[in-house]
Amino acid sequence: MEAASLPAALELAAGGGVGLSLEKRAVLGASLLLLQRDYRFERVWFWGCIQGVRGAYYIAEGLGPDRAAPRSRLYSLNCVEWSLLPPATEEMVAQAKQLKGRFQGDPSFEYEYTEINAEDAERLFEDGKEPIIKEESRLVATIEQIDRAVGIIPRGAFVKTPLGSVRENRNFEGLSLTEAKKLSSYFHFTEPVNLKNKTLLEKADLDPSTDFLDSLEHDIPQGSWTVQLEKGGTVVVLRSLLWLGLTFYHVPMTKQYGYVYFGTGEKNLDLPFML
Amino acid sequence: HGPYQPHEPGYGLYQPGYSPYDDQIPDPKSRMLAIQNAKAYLLKSSSASGLNLYDHLANMLTKILDEQPTNAVDIIENISKDVKWAHFQKKMDTLRDEHEILPTFEAAEKRKALFIKANGEGDEELEEEIGETPLPNVMETAFYFEQAGIGLSKDESYHIFLALKKLISVQPIQTCRFWGKILGLEMNYIIAEVQYHEGEEEEETEEEEVIEEGGKGMGEVEDEDEKKEKEDEPPKSTYKPPPVTPKEENGTGANKYVYFVCNEPGKPWMKLPPVMPAQIVCARKIKKFFTGRLDAPVVSFPPFPGNEANYLRAQIARISAGTQISPIGFYQFSEEEGDEEEEGGGGRDTYEENPDFQPLSVAEMVGSLSTWVHHGQSILKQGRCVWLNPLQKSEEEEEEEEEEKAEDPNELQQEIGPPLLTPLSEDEGIQNIPAWTAEASTNLIPQYAVAILQSNRWPGAYAFASGKKFDNIYFGWGHKYSPENHTPALPPPVQAEYPSGPEITETRDPTLEEELAFKAAREEALAAAEEEEDEEDVEDDEEEDDD
């Protein structure tokens, strides 16, 4: 969610019961602004909080002029001092997928591999590395996975300029109430995967300036999003069931929208059994 | 392509001084003509839409100059689209649109109804209310939890506050507490934990008894029909289902509190049925999301005995048993000790508030887990809080069957759980994660910090303590945490068929030669037997003769 609209946004996304304490809210207003100054970001998003066993990580993302470029991510343990995280690599993501269990809350904690293939083990020993992963890498990989899988925006909120860069759409007035209840009005804010698989007929209906991302309709498994109207039907709240804790809110016919993650940072692999 | 002639559309569009043909001085009259031609072209109405470009450009420029957007040139196409769209919105006809009745209006009606004070109350009742009221101070609890970032938005909390007030005015309630919120797929549940006044609950049990008697009546009729058909009945199965554990009485054990749920504050409160041990045992094996409708079926394996209302009640019971905690010393056991022996060592299950409670400091509450105790009774494997042998029959039958009991192969061991008011330090963790995470709400202002505990076994269960105040709450999806993936129970192995033995094994039919051979052999045997008998008779005769 946008740092500028943080207080109002937290009220709208509070249906899940978890949020930020008053102290953190107060300090974020100032520290996110300073982040923008120090790192020269154009936009700063408060991404959310990953709850570890002994502490919590607060994550912020900074965006440059092209909003679809890889974002810089920062974490903090107390919302006052922020540290930049290294960009996520495929290797990190693959390693982190093998880890299970909660985050510890200490960024220098080292996990040991419990199950690895014989090939991977040989490769690692050859390289001279020990089979351990730091919690920091796991954090980076988890944030990347969550953003890729369930980071969403309403349709029409961003436009692709003819030069290829993505910017906010200043003419976006918000989705109407009927549109807001449909999953097809929301897009994953990441590299599209399914777009080229659409038939020519479907592609003809798309508007290349706004429909350049994957919509939520074809997410697997079906039903992994819950769409609800809260606060007497004035706010549309989407919650992901694959990554429990991700909440997206939008007030129809206004420009207010955003997503935030408050959770333990674990993928819900039991989802097919639970639906 | 030479210089444009006055009748061609390109005429007059070049800027004076920059056209390639400027060495020819244009005729001022033809210039005017060119301008008029251009304007006439622009004024030509489109055959498709009836608009003309001249008016459209004029409207667009007027709009731009009125609104003065920044970087207008970047969004010019959108402005043009908006102007065209606006043109078509003008309704020149006398038909008016019916006002859309959005569903949001109805929801707003319901929420407004919460705020209207009931008019039937007189002044006398107001005085009574100022005294002790079962209504919990939801906003105060919300304030403490907010120090840790837990809780719903302020206006949702207030709506819940008013909805609880409405509940209390409708039902005869002694104590009431906001238990928490469970999220669902289509709708969420807001849950209130309630205790009735003593004596108010009997209506429910009477209804259940009536239903049972009705069922027995039906059974008798069916027996009569069956007797007539006894001759042709197929063999009855020897399967005896395992005995059903009876549920705990209302007001004790897992059914100590009654729970009411509603989907949104403003909607009517619905009472959840009491929980049966079989439901708790099954709920431990399945993991399903709640849909938000109480009558939805729960499709699972092992099949859940009930619908979503029962599953919700079972999960609430499990969560309460595992996560209802209080600071040590707040509750104490009541002083009667004569009951210990009669309960078979099951432990004491009543507690009362300790009037001499001395609150510990926040640092102590956060530092060690032994400063907190469970006041929710834990549920045994059987599904009840107090163990009951389901094979136990009533006392009269016991005397008759005492001898048989020793031979019962299914004798059950008595299950013992941790006693009430055990400290949290006895809680098992999961792998290497402690069962609870404790922290103070703020490190910057320790004098006014609040001690907050989060459960790691039931993510979403929180408790706070500050001075003499404490409370528990749950916000979550209603499932237990397990680091391993959920493995559903496998279906039971295929039932063995009848054991094969010689009496039911089919043998091959004998062939003709075998039959003839068998017949011949039998005749020989018969003939041999007759000869022997004859010989014996003869021998006997001979013997008799000898004598």
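What counts and how
Residues numbered from 1 in each chain as written. Chains lettered and ligands numbered in written order. Predicted model: local features only at pLDDT ≥ 70, side-chain atom pairs only at ≥ 80, totals over all residues. Heavy atoms only, no water. Contact = heavy atoms within 4.5 Å. Buried area = accessible area lost by both parts, 1.4 Å probe. Polar contact = N/O pair within 3.5 Å; in protein donor to acceptor, adjacent residues only side chain to side chain. Helix = DSSP H or I, 4+ residues; strand = E, 2+ residues; numbered from the N terminus. Nonpolar A, V, L, I, M, F, W, Y, C, P; charged D, E, K, R; others polar. Patch = residues over 30% accessible without salt bridge, like charges linked within 9 Å, V, L, I, M, F, W, Y side chains within 5 Å. Areas by Shrake-Rupley, 256 points an atom, 1.4 Å probe, with all protein chains shown as cover. Salt bridge = Lys/Arg side-chain N within 4 Å of Asp/Glu carboxyl O. Lys, Arg positive; Asp, Glu negative; His and termini not counted. Charge placed at Lys NZ, Arg CZ, Asp CG, Glu CD. Buried < 20%, exposed > 50% of the residue type's maximum accessible area, 1.4 Å probe, protein only. Pairing = 2+ DSSP bridges. Axes fitted to C-alpha atoms, helices over the stretch in contact; angles between N-to-C directions. Arc of directions from axis to C-beta.

> So what's going on with the interface of chain A and chain B? Which residues, and what values?
A common way to report how large an interface is uses the accessible area buried once the components associate. Contacts between chain A and chain B engage 39 residues on the former and 51 residues on the latter. Here chain A and chain B share an interface that buries about 3,700 Å² over both sides, 50% of which is from carbon and sulfur atoms. Sorting the residues of chain A by area buried against chain B places A:Arg170, A:Phe273 and A:Met274 first, and these three jointly supply 15% of that buried surface. At the boundary of chain A with chain B, the tally comes to 16 residue pairs in polar contact (both at pLDDT 80 or more). Those elements that place two or more of their residues in the side of chain A that touches chain B are α2 (22-39), β11 (225-230) and α8 (271-274) of chain A. Looking at the side of chain A that touches chain B element by element, the count peaks at 4 residues for β11(A). Partitioning the side of chain A that touches chain B into residue classes produces 14 nonpolar, 14 polar and 11 charged.

> How would you sum up a negative patch on the surface? Please name residues and give values.
Residues and elements named next belong to chain B. A contiguous patch of negative charge on the surface is contributed by Glu530, Glu531, Glu532, Glu533, Asp534 and Glu535. Along the chain, glutamate 532 turns up in helix α13 (residues 512-546). Residue classification places glutamate 532 among the partly exposed residues on the basis of a relative accessible area of 49%.

> Which residues make up the sheet that holds strand β4 (residues 83-84) of chain A, and what are the values?
All names here are of chain A. If you trace the 8 strands from one edge of the open sheet to the other, you get β4-β3-β2-β1-β14-β13-β12-β11, paired in mixed fashion. Looking at the sheet topology across the chains shown, the edges are occupied by β4 and β11. Of the pairings in the sheet, the one linking strand β1 (residues 43-51) to strand β14 (residues 257-263) comprises 3 bridges and is parallel in character. Residue isoleucine 50 lies in a different strand from β14, and its bridge partner there is glycine 263. Packed on one face of the sheet, helix α5 (residues 135-150) meets β1, β2 (56-63), β3 (72-76), β11, β12 (235-240), β13 (246-250) and β14 and runs near 55° to β2.

> Which residues make up the sheet that holds strand β9 (residues 436-440) of chain B, and what values go with them?
All names here are of chain B. Within the open sheet, the 8 strands sit side by side as β4-β3-β2-β1-β12-β11-β10-β9. Their pairing is mixed. The open sheet has two free edges, formed respectively by β4 (270-271) and β9, since each of these has just one partner strand. Relative to strand β2 (residues 189-196), strand β1 (residues 173-182) is paired through 8 bridges, and the arrangement is antiparallel. Along β2, the bridge assignment pairs arginine 177 with glutamate 193. Its contacts with the sheet put helix α7 (residues 154-170) on β1, β2 and β3 (258-262), and the angle it makes with β1 is roughly 145°.

> Would you mind going over unusual backbone geometry in detail, with residue names and values included?
The bulk of non-glycine residues show a negative phi, and the bulk of peptide bonds are trans. Omega for the bond connecting A:Ile220 with A:Pro221 falls within 30 degrees of zero, at -5°, which places this linkage in the cis form. In this structure, A:Pro221 sits in the loop between α7 (200-205) and β11. In this structure, B:Pro302 follows B:Phe301 across a cis peptide bond, with omega equal to 0°. With respect to the secondary-structure elements, B:Pro302 resides in the loop between α9 (277-283) and α10 (308-323). Of note, the phi angle at B:Asn71 is positive, near 50°, even though the residue is not glycine.

> Go over helix α4 (residues 103-115) of chain B with me, naming the residues and quoting the values.
Restricting attention to buried positions, one finds in α4(B) the residues B:Thr104, B:Ala107, B:Arg111 and B:Leu114. An end-on view of α4(B) places all buried positions within 65° of arc, on one side of the element. Across from the buried face of α4(B), at angles greater than 90 degrees, the exposed residues are B:Glu106, B:Glu109 and B:Lys112. The inward-facing, buried residues of α4(B) contact α6 (177-180) of chain A together with α7 of chain B.

> Give a description of the environment of B:Pro273 that names residues and reports values.
All names here are of chain B. Within the element layout of this structure, proline 273 appears in the loop between β4 and α9. The exposure class assigned to proline 273 is partly exposed, which follows from its relative accessible area of 30%. Residues proline 273 and lysine 240, 33 residues apart in the sequence, show an inter-C-alpha distance of 28 Å. Residue contacts for proline 273: discarding those within four places in its chain leaves Ala309, Asn310 and Arg313.

> Can you explain the environment of B:Leu453? Please cite residues and give values.
Residue and element names in this part refer to chain B. Counting through the fold element by element, leucine 453 comes out in strand β10 (residues 451-455). C-alpha of leucine 453 to C-alpha of phenylalanine 464: the two residues are 11 residues apart in sequence and 6.2 Å apart in space. Setting aside residues no more than four positions away along its own chain, leucine 453 makes contact with Ile325, Leu369, Trp372, Leu424, Trp436, Thr437, Ala438, Ala461, Tyr462 and Ala463.

> Help me get a handle on the environment of A:Asp207, residues and values and all.
Relative to the elements of secondary structure, A:Asp207 occurs in the loop between α7 and β11. It is 10.0 Å that separates the C-alpha atoms of A:Asp207 and A:Val159, two residues lying 48 residues apart in sequence.

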